[in-house]
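The primary structure of each chain is shown beneath.
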Amino acid sequence: MSTDPTRTPPYPDEAPRSEALLEQARRVIPGGVNSPVRAFRSVGGAPRFMRRGRGPWLEDADGRRYVDLICSWGPMILGHAHPDVLAAVREAAADGFSFGTPTEREVLLAEEIVHRVEPVASVRLVNSGTEATMSALRVARGFTGRSAVVKFAGCYHGHVDALLASAGSGVATFALPDSPGVPASSAGETIVLPYNDVAALEAAFAERGDEIAAVITEAAAGNMGVVPPEPGFTEALLRVTRAHGALLISDEVMTGFRCSPSGWFGVEGPYATGAPDLFTFGKVMGGGFPTAAFGGRADVMAMLAPDGPVYQAGTLSGNPVASAAGLATLRGCTPEVYERLDVVAHALADAVAEAFTRHSMPHRIQWAGSMFSVFFREGRVRDFGEAKEQDAAAYGRFFHAMLRRGVHLPPSCYESWFVSAAHDDTAVDHVVGAIHASAAEIAQVDMGRSPA
Ligand SMILES: *Cc1c(COP(=O)(O)O)cnc(C)c1O
């Protein structure tokens, strides 16, 4: 990594090399990015193009260094280019990249997942979290012979047509498409309910229970900021789905192998009422490579081709290099790794609480295991409506104050802050210092703007 002393923080807001790359990218890639949140639209400015990462650090095209608090949106739980993962990837790649036949490495990765999450009898490997939720829905529909699905507002399950839907006006009415290109017929099979609302769930099932194939939920929501299920919510999901012959799909793409060695299930489960029927995984289990999985009950998974009639496939599914990266990452997730994640996350959250309190900045920190996020508002956040009642503009100012100081936060206030076990004391101290300085800076701006 560069140690060029002319490129130490504070960095200017202009980032010439990143800006030039963005312009170049825009000519050939819509918006210049391959996933919208990367574009910085909600915080403003040009996204930083990264050229390498090592441990907790990223280095951008202008040679500036940042402590990384995105961690690729979760996968880099061991930090960037971890030596063991790198060695596993090199070894696998040297054996060839993809064969279109079964390989041993994908079996080992599947075993690692099945052994960790007790209710998961088998998994099918896919290439993204989106594919995992899409396929889980298909197998749930095939198993139940029903087509409707319940999801919760503010939960993100990838860009599956049926799951890109917003709540209609009534609680149990079918949903409206969230995006042009999603047919009303796809979204129309989706019922969107408020998260953590058992009464709304019961009402929806009372009305349409025999049409509903599955409820899909984030095991603990992380895509509206971190909003864990209220005590008893997951049990209610299990009870209601069982009573009506529907399946429960627990989306652990973000929480899986991060919140605990067995994900959110390891934090909250096992449940008195049973277990989710299907789980989806991604992010951490790929170690930074495109691999993901869905799995669960043996009789449900038996519906999949070639054993059963539900079709699902993938040219690169179970890719040996990706499987090697995922396996090395999961095996590297020792108890010490989870302890370190906890220590780092709490050090950062404590610094936010202290600095924001000192400068009278409204804030609320919420947790799911060591996953946390900072809401720019006061008071408990239980659902998407409450998550939206925050000062997104203040977050944008804070984000840029941190970026100038060499800390790369997620470029949206609706995201979890991701840490890794490679965040050592140097990195943590750097972030803590930046939090205090940034809070002081933006509090001053906000005071200047207040009408008083
Ligand atoms: C990231 C995410 C997905 C989508 O995964 P991709 O690999 O981006 O397709 C699905 N569900 C949850 C909970 C996620 O956080």
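Comments concerning the site of the ligand
In the vicinity of the ligand, the contacting residues are Ser128, Gly129, Thr130, Tyr156, His157, Gly158, Glu218, Asn223, Asp251, Val253, Met254 and Lys283. In the environment of the ligand, a nitrogen atom lies 3.2 Å from a nitrogen or oxygen atom belonging to the backbone of Tyr156. Within the contact set of the ligand, a nitrogen atom lies 2.7 Å away from a side-chain nitrogen or oxygen of Asp251. For the ligand, the accessible surface in isolation is 380 Å², of which the surrounding protein chains cover 83%.

Remarks on unusual backbone geometry
Note that the residue after Gly269, namely Pro270, is joined by a cis bond; omega there is -10°. Mapped onto the elements, Pro270 comes out in the loop between helix H8 (263–268) and strand E11 (278–281). Of the consecutive residues Ala305 and Pro306, the connecting peptide bond is found in the cis state with omega at 10°. Its place among the elements puts Pro306 in the loop between helix H9 (298–301) and helix H10 (320–332). Despite not being glycine, Cys71 shows a phi value in the positive range, around 50°. Among the structural elements, Cys71 can be located in the loop between strand E3 (65–68) and helix H2 (83–94). By relative accessible area, which is 1% here, Cys71 ends up buried.

Calculation criteria
- Residues numbered from 1 in each chain as written.
- Predicted model: local features only at pLDDT ≥ 70, side-chain atom pairs only at ≥ 80, totals over all residues.
- Heavy atoms only, no water.
- Near = heavy atom within 4 Å.
- Polar contact = N/O pair within 3.5 Å; in protein donor to acceptor, adjacent residues only side chain to side chain.
- Areas by Shrake-Rupley, 256 points an atom, 1.4 Å probe, with all protein chains shown as cover.
- Helix = DSSP H or I, 4+ residues; strand = E, 2+ residues; numbered from the N terminus.
- Buried < 20%, exposed > 50% of the residue type's maximum accessible area, 1.4 Å probe, protein only.

That's the geometry; what it means functionally is another story.
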